[in-house]
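# A structural walkthrough
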Amino acid sequence: MQTMDEETLTGRYAEVRNVTMKLIEPLEKEDFIIQSDADVSPPKWHIAHTTWFFERMILKEFKSGYEEFNARFDFLFNSYYNSIGPYQPRHERGVLSRPTVEEIIAYRQYVDSQMKDLLAETHTSEQAHQLGKLVEMGLQHEQQHQELILMDVKYNFFVNPLFPAYKETQAQQAIEPKEAAFVEFAGGLVEIGHQGEGFAFDNESPRHKVWLEPFQLASEPVTNGEFLEFIEAGGYEQPEHWLSDGWGVVKKNNWKAPLYWLKNEQQQWEIFTLGGVKNLDLAEPVSHVSFYEADAFSRWKGKRLPTEAEWEHAAQNLPIQGNMMEQEAYHPSTAQNESTAPLSKMFGDVWEWTSSAYSSYPGSKPLEGALGEYNAKFMSNQMILRGGSCATPASHIRETYRNFFPPDKRWQFGGFRLADDQA
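Conventions and cut-offs
- The residue count restarts for each chain, going from 1 along the sequence in the order it is written.
- Only residues with pLDDT of 70 or above have their local features reported here, since the model is predicted, and side-chain atom pairs are shown and tallied only from 80 upward, although totals for entire chains, interfaces and linings are computed over all residues.
- Note that the side-chain values use all heavy atoms of the structure and ignore hydrogens as well as water.
- The rule for pairing is simple: two strands pair if DSSP sees at least two bridges between them.
- Only DSSP runs of H or I reaching four residues or more are called helices, and only runs of E reaching two or more are called strands; each is numbered from the N terminus.
- Working convention: axes come from line fits to C-alpha atoms, limited for helices to the stretch in contact. Angles between N-to-C directions cover 0 to 180 degrees.
- The rule for a salt bridge is simple: a side-chain nitrogen of Lys or Arg has to be within 4 Å of a carboxyl oxygen of Asp or Glu.
- Type-normalised accessible area, obtained with a 1.4 Å probe on protein chains alone, sets the label of each residue: buried when under 20%, exposed when over 50%, and partly exposed for intermediate values.
- Read the arc as the range of directions from the helix axis to the C-beta atoms.
- Working rule for contacts: check all heavy atoms of both residues, and any pair within 4.5 Å makes them a contact.
- Distance and chemistry together define a polar contact, namely a pair of N or O atoms within 3.5 Å, with one atom able to donate a hydrogen and the other to accept it when in protein, and with adjacent residues in sequence counting only for side-chain atoms on both sides.
- Here a cavity means grid points, on a 1 Å grid over the protein atoms only, where a 1.4 Å probe fits yet cannot get out; a pocket means an open set of points with protein on both sides within 12 Å along at least five of seven lines; lining residues are those with an atom within 4 Å of a point.
- Grid points are joined across faces, edges and corners, and a volume is the space filled by probe spheres set on the points.
- Under this grouping Gly is polar, as are all residues other than the nonpolar Ala, Val, Leu, Ile, Met, Phe, Trp, Tyr, Cys and Pro and the charged Asp, Glu, Lys and Arg.

In any sheet, the strands associate via hydrogen bonds between backbone groups, in a parallel or an antiparallel arrangement. In space, the three strands of this open sheet follow the order β5-β6-β7, with antiparallel pairing throughout. Of all the strands in the sheet, the pair left with one neighbour each is β5 (261-263) and β7 (276-279). For this sheet, the mean angle separating the axes of adjacent strands, direction not counted, is 40 degrees. Alignment of strand β6 (residues 269-273) against β7, held across four bridges, turns out to be antiparallel. Within the sheet, the bridge partner assigned to Thr273 lies in β7 and is Gly276.

Time to look at the pattern of salt bridges. Per the stated rule, a full pass over the model turns up 25 salt bridges. Notably, a salt bridge pairs Asp112 with Arg17, separated by 2.9 Å at the nearest N-O pair. One end of the pair, Asp112, is in helix α4 (residues 101-120); the other, Arg17, is in helix α1 (residues 6-23), and 95 residues separate them in sequence. One salt bridge connects Lys345 with Asp349, and the closest N-O pair in it is separated by 3.0 Å. One salt-bridge network, in which partners are shared between bridges, spans Arg17, Arg108, Asp112 and Glu142.

Spatially, β1-β4-β12 is the arrangement adopted by the three strands of the open sheet, whose pairing is antiparallel. Across the chains shown, the open sheet's two edge strands, defined by having one partner strand only, are β1 (182-185) and β12 (419-421). When the angles between neighbouring strand axes are averaged without regard to direction, this sheet yields 25 degrees. Direction of pairing for β1 relative to strand β4 (residues 215-218): antiparallel, over a ladder of four bridges. Note on β4: the bridge partner recorded for Phe182 is Ala218.

Here we take up helix α7 (residues 244-253). Considered for burial, the residues of α7 that qualify are Gly246, Val249 and Val250. Each buried residue of α7 lies within a common arc of 100 degrees when the element is viewed along its axis, so the set occupies one face. Structural note: α7 exposes Ser244, Asp245 and Lys252 on the side pointing more than 90 degrees away from its buried face. Among the structural elements, α8 (291-300) are those in contact with the buried residues of α7. Asn254 sits one or two positions beyond α7 and adopts a positive phi of about 55 degrees.

You can see Glu352 is positioned in strand β8 (residues 351-357). Given a relative accessible area of 1%, Glu352 falls into the buried group. Polar side-chain contacts of Glu352 include one of 2.9 Å to the side chain of Trp311. With residues near it in sequence (within four places) discarded, Glu352 still touches Pro221, Trp311, Lys345, Met346, Ile384, Leu385, Arg386, Gly415, Phe416 and Arg417.

Locating Asn160 in the fold gives a position in the loop between α5 (125-158) and β1. C-alpha of Asn160 to C-alpha of Gln114: the two residues are 46 residues apart in sequence and 39 Å apart in space.

Looking now at empty space enclosed by the protein. Within this structure, the stated rule accounts for two cavities of 30 Å³ or more. Quantified by volume, the second largest cavity comes out at close to 30 Å³. Forming the boundary of the second largest cavity are Pro42, Lys44, Trp45, Phe77, Arg93, Leu96 and Pro99. For the lining of the second largest cavity, the per-class residue count stands at five nonpolar, no polar and two charged.

Another aspect to go through is the pairing of strand β9 (residues 383-386). Of the two faces of β9, the one carrying Met383 and Leu385 and the one carrying Ile384 and Arg386 are both buried. As defined by bridge partners, β8 adjoins β9 across three bridges and the pair is classed as antiparallel. When the bridges of β9 are listed, Trp353 appears paired with Leu385.

Here we take up the layout of surface pockets. Computed from the structure, the largest pocket encloses a volume of approximately 880 Å³. What lines the largest pocket is a set of 37 residues, and nearest its centre among them are Tyr80, Arg90, Leu148, Phe404 and Phe405. Listed by contribution, the elements that provide at least two residues to the lining of the largest pocket are α2 (43-62), α5 and β10 (403-405). Taken as a whole, the second largest pocket spans an internal volume of roughly 700 Å³. Residue lining of the second largest pocket: 25 residues in total, with Gln130, Lys133, Leu134, Leu367 and Leu371 positioned closest to the centre. At the level of secondary structure, the elements contributing two or more residues to the lining of the second largest pocket comprise α2 and α5. Among the residues forming the lining of the second largest pocket, the class breakdown is twelve nonpolar, seven polar and six charged.

Structure (structure tokens):
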């Protein structure tokens, strides 16, 4: 991976770190500690953990004589790195009224100042290369947590009966839903995976060959309107569409619709967004569905989900543009991409479930040291999503990016598009 020069790296560091602080501006102090579910971390923990990452992985390793801001933070804000040491249990992150928000902000400022000094120091070419790789890793990690902040705040606000808005967003102009066409791909021996310059996580490489049978991919993601047809046809009550585990989850949790769908007093569908409760727009890509729901809908339609290799092959050479975090909509949009490519919305709006389980590529090796725990140890009971969402930073996404979640999770901005074999 090519590393940036000191000036560029310092500028990117400041830019990414400032975005996180901008994301928490709409929050009140009372919002920072809430953890309404074991999967959801408080905003205060996110801004502390991303700071801890730079302190523990970089400053303590590279800066001579570095003094920790608070040695006890190593326990509080380690996420899951067992090789580093014990840590606060994930489901108990919301019990920490102390340290205060002010102390966490001071912690960020201290680490940022120390990082600025470190990046300004003179390093050997090998040290500079290694430092650059780790800083970029830390920034990509922080961008993941920027999306998590939006995801987690949304869920925390949803369980509040007042349904508060995180930030007022501009209303979209209603458009008529359009039915997706299917784009044909010849398949054959293709290559997927990252290679060459630019950052990528270890789970994205090496680039390797995959055989694909001829397939079709929908030009658009599945919309709210299409998913509503599934609901009204009794899809959540018909076990024949569901995987056995998925049917068990549906019955256990009494799912009747995607997460954040609500019925008002007139029995009309509404949807909770980071901008508050809105009327359900039938033309928007459906979001906050689990893999099980995406798979069941696909079976109900007589189609299937694409494999991740099919998705990546179809996305190669497409411009990476769309409704992402920078648009500040924080919600899937009906707007169409400016590109004339036959596939629309491949990037942004919603992460798209695939039928592929999360596993390593042939010849893949985890990173050395504690960072070897970053991705590889989660390669069990997870499914792959592709393409980014309305909460993903644009500079964080690429066609090789492999997101992953357990198949029953819905609080991420997860949607899907249909695929099929060619007749």
